[in-house]
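Structure assessment
Residue strings, one per chain:
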Amino acid sequence: MEVILADDYGFCYGVKRAIKIAKDSADLSKKVCSLGPIIHNPQMVKSLADKGIGVVEEVEDMNCGKIIIRSHGVGPSVYEKIQARGLELADATCPHVKKAQMSAKKLADEGYKVIIIGEKEHPEVISIKKWAGENALVLCTEEEASNISFVPRLGIVAQTTFSADKFNKIVSILLNKSYDIRILRTICTATNKRQSAAIKLAKEVDMVIVIGGRNSANTTRLAQICAEHCVVHHIETVDELQDDWFNNIKKIGITAGASTPDWIIKEVYEKCKTWQAY
Ligand code: F3S
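From a predicted model like this one, the values you see are computed outputs, not experimental measurements.

Calculation criteria
- Residues numbered from 1 in each chain as written.
- Predicted model: local features only at pLDDT ≥ 70, side-chain atom pairs only at ≥ 80, totals over all residues.
- Core = buried A, V, L, I, M, F, W, Y, C linked by C-beta atoms within 7 Å.
- Buried ≥ 20, exposed ≤ 12 C-beta atoms within 10 Å, placed from the backbone.
- Domains from an automatic or database assignment.
- Near = placed C-beta within 6 Å.
- Helix = DSSP H or I, 4+ residues; strand = E, 2+ residues; numbered from the N terminus.
- Nonpolar A, V, L, I, M, F, W, Y, C, P; charged D, E, K, R; others polar.
- UniProt positions renumbered as here; feature names shortened; annotations may be inferred.
- Contact = placed C-beta atoms within 7 Å.

**Some remarks on the nonpolar core**
The biggest cluster of nonpolar side chains holds 51 residues, and the ones touching the most others in it are Ala104, Val114 and Ile116. Here this core spans two domains, since at least three of its residues come from each of domain 2 (13-94) and domain 3 (96-187). One finds Tyr9, Met207, Ile252 and Ala256 within the second-largest nonpolar core, a separate group that totals 24 residues.

**Looking at the site of the ligand**
Contacts to the ligand come from 14 residues, most closely from Cys12, Gly14, Cys94, Thr160 and Cys188. Within the residue set of the shell around the ligand, elements represented by two or more residues are helix 1 (13-25), helix 4 (95-109) and helix 8 (189-204). When the residues that make up the shell around the ligand are grouped by side-chain class, the tally is eight nonpolar, six polar and no charged.

**Concerning the UniProt feature "binding site: [4Fe-4S] cluster" (unreviewed entry) in the chain**
Residues annotated by UniProt as "binding site: [4Fe-4S] cluster" (unreviewed entry) correspond here to Cys12, Cys94 and Cys188. A maximum C-alpha distance of 10.3 Å places the annotated residues, which cover 177 residues in sequence, within one compact spot. Not counting the four nearest positions on each side in its chain, Cys12 is found in contact with Ala190 and Ala258. Summarising the element assignment, Cys94 is placed in the loop between strand 5 (88-91) and helix 4.

What follows is the structure, given as structure tokens:
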């Protein structure tokens with residue numbers, strides 16, 4: 001079976017960095033936990049658990065030890081709580097996310113109404129909104145942008161993983177909503193590169209296997225993008241591959257979300273390559 005890997009796939013810089021910070025924090029002499037799963041990948045979360053790194057949902061769940069902030073980041077009150085409880089801190093907030101948070105804060109401090117273009121429920125967007133203050137708004141669609149009222153000063157930032165294309169469309173509507181507009185295009189290029197590589201791949205093959213957590217927004221997005229060009233299956237592990245997917249398929253493409261570990265990608269690649277043997 002011919003199997004082609006996308007030109008760009010798998011762990012991004014921020015995720016690699018977060019996992020390194022987590023692994024470096026492992027210390028069996030004390031409690032070490034990440035605040036929420038370190039990345040959206042259950043297999044990696046389990047692998048960290050095997051090294052003694054647990055997961056807590058709230059800062060209040062820890063009375064001592066070290067807490068790791070994941071790449072999505074958190075709002076200022078979480079840092080305050082960590083300090084108030086005397087916990088050690090390992091901050092794995094991705095520097096690109098940190099930049100979006102600080103940009104939103106600066107705009108709010110300068111009197112701009114802050115608009116975050118992104119998905120409302122995404123943890124990163126929630127964290128940026130916390131830095132931007134009470135009046136900040138999150139918009140995800142052109143329709144939502146059309147519905148906002150005119151404001152004197154408008155400051156715009158983006159979820160780092162938001163589609164550049166959608167961001168541009170929403171911004172073009174917001175241009176009519178104020179006299180004084182500042183646009184900080186806080187989109188991270190890792191996502192764009194991965195998405196462009198996925199489109200190129202999907203055009204070359206009969207089927208794309210997208211590997212990554214089902215709860216990973218960027219992996220799901222890769223699957224949606226590829227589905228516009230060929231058959232797509234989204235899996236988390238090699239065990240999910242099914243015989244009947246391979247009928248009449250000559251060329252398979254493989255891509256993976258920003259939080260998919262290399263070992264899982266390798267397993268899928270190897271199994272697809274030797275598929276005829278099964
Ligand atoms: Fe950071 Fe971009 Fe990854 S924002 S976490 S490097 S997708």
